[in-house]
Amino acid sequence: MYWPKLDVDASALDFLTRQPFAHRGLHGPKVPENSLAAFDRAIEQGYGIELDVRMTQDGDVIVFHDSTLDRMTNARGEVMRMSAAQLSAICLKGSKETLQTLHDVLRRVAGRVPVLIEVKASGNTYLPACFAVRRALEGYRGKVAVMSFHPAVPAWYAENAPKIVRGLVLTESEQGSRFDIRRRLRRQLLVWKAKPHFLAFDVRRLPSPFTAGARERGYKVLTWTVRGDEAHALARRCADQVIFEGDLPARA
């Protein structure tokens, strides 16, 4: 596979590999995912933060993983059909923590640790999400990267905000078909369209000739979601840093 030349100095990407990233913050019992408490715990232990954002009805972005509220709150409905103010009044299950806008989370983090922002989008919803995330990042001085499964997200940043570090999130649905010609061509087209600075790749699909080739050509590879000693050992061999949940092994 032919990889596009990176349009950024390698030193600008060092923050991606200096420390592990806590997946949706360092959450656990009584500390919900994507909450200020989870982010505070990650900061206290020196971990980077990975978080998810979704569009609100009024053009903001809320820090929340699911497209609907049901799993993580006692409310119901689609996130994108509610305003930021409405969502910010909703508590996460089992806590007094409320949903937060990206702007408010970044204000809380205040550059103390790096942040990976995964933009959740489908179809053409990526466009307003890209604008909203860029607005939230205006004036922010901390280390941050934007990434998405949607290749148009990093492509948009390459064109409109090239100084913001951008990544492409990837997985493979079937381990046995990873060498399929059509799959390889599709992935190559994704990379060329997305123009990423780094990849975030599913640990369940490692080792992968695709990510090995990326690393040989200077791309950083993060891997998600890493849980347990076996997965961490695999990540050490096949990736440059982990996006993890749970406890880290002593060597991680």
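Parameters and conventions
- Residues numbered from 1 in each chain as written.
- Predicted model: local features only at pLDDT ≥ 70, side-chain atom pairs only at ≥ 80, totals over all residues.
- Heavy atoms only, no water.
- Helix = DSSP H or I, 4+ residues; strand = E, 2+ residues; numbered from the N terminus.
- Buried < 20%, exposed > 50% of the residue type's maximum accessible area, 1.4 Å probe, protein only.
- Pairing = 2+ DSSP bridges.
- Right-handed = clockwise from strand over helix to strand, strands pointing away.
- Contact = heavy atoms within 4.5 Å.
- Salt bridge = Lys/Arg side-chain N within 4 Å of Asp/Glu carboxyl O.
- Arc of directions from axis to C-beta.

Participant: Where do I start with unusual backbone geometry in this structure?
Facilitator: One can expect most non-glycine residues to show negative phi and most peptide bonds to be in trans. With an omega of -5 degrees, the peptide bond running from L206 to P207 counts as cis. Phi is positive for K30, which is not a glycine, with a value near 70 degrees. Along the chain, K30 falls in the loop between β1 (21-23) and α1 (36-44). Although it is not a glycine, A110 adopts a positive phi angle of roughly 55 degrees. Structurally, A110 can be placed in the loop between α3 (102-109) and β5 (115-119).

Participant: Sorry if this is basic, but what is going on with the pairing of strand β9 (residues 220-226) here?
Facilitator: In the case of a regular strand, side chains alternate between the two sheet surfaces. Across the seven residues that make up β9, a large majority, six, are buried. Note that strand β8 (residues 198-202) and β9 share five bridges and pair parallel. Residue L199 lies in a different strand from β9, and its bridge partner there is V221. Handedness of the β-α-β unit built from β8, helix α7 (residues 209-216) and β9 comes out right-handed. Bridging between β9 and strand β10 (residues 241-244) involves three bridges; their strand directions are parallel. By the bridge assignment for β10, T223 is matched with V242. This β-α-β element, β9 to helix α8 (residues 228-238) to β10, shows right-handed connectivity.

Participant: How do you make sense of the pairing of strand β6 (residues 144-148) when you look at a structure like this?
Facilitator: Most of β6 is tucked away: five of the five residues are buried. In terms of strand pairing, β5 meets β6 through four bridges, oriented parallel. Counterpart to I117 in the pairing with β6 is V146. A crossover links β5 with its parallel partner β6, the connecting element being helix α4 (residues 126-137), and its sense is right-handed. Crossover connection from β6 via helix α5 (residues 152-160) to parallel strand β7 (residues 165-170): handedness right-handed.

Participant: Sorry, what's going on with the environment of A231 here?
Facilitator: Relative to the helices and strands, A231 resides in helix α8. In this structure A231 comes out as buried when scored by relative accessible area, which is 16%. Here the alpha-carbon distance between A231 and R186, two residues 45 residues apart in the chain, equals 27 Å. Beyond its immediate stretch of four places on either side in the chain, A231 contacts V203 and V226.

Participant: How do you make sense of the side chain of E50 when you look at a structure like this?
Facilitator: For E50, the position within the fold is in strand β2 (residues 48-55). Here E50 is in contact with A22, H23, R24, G25, N34, F39, L116, E118, M147 and I243, once residues within four sequence places are set aside.

Participant: Explanation requested: the pattern of salt bridges in the structure shown.
Facilitator: A pair can form between side chains of opposite charge whenever their charged atoms are brought close. Scanning the model with the defined rule gives 14 salt bridges in all. Between R81 and E78 there is a salt bridge whose closest N-O contact spans 3.5 Å. Judged by its relative accessible area of 58%, R81 is exposed. The partly exposed category is assigned to E78, whose relative accessible area is 36%. We note a salt bridge from R204 to D202, for which the minimum N-O separation is 2.8 Å. A relative accessible area of 1% means that D202 is categorised as buried. One connected set of salt bridges, linked through shared partners, spans R24, E33, D52, D66 and R71.

Participant: Help me understand α8, please; the structure alone is not making it clear to me.
Facilitator: Because an α-helix packs 3.6 residues into every turn, residues spaced three or four apart end up facing the same way. Buried residues of α8: A231, H232, L234, A235 and C238, and no others. The buried side chains of α8 occupy one side of the element, clustering within an arc of 160 degrees when seen end-on. Of the residues in α8, the exposed ones pointing more than 90 degrees away from the buried face are D229, E230 and R237. Packing partners of the buried residues in α8 comprise α7, β9 and β10.

Participant: So what exactly am I meant to see when it comes to the side chain of T101 here?
Facilitator: Note on placement: T101 falls in strand β4 (residues 100-101). Those residues in contact with T101 that lie beyond four places of it in its chain are D60, V61, I62, V63, A84 and S88.

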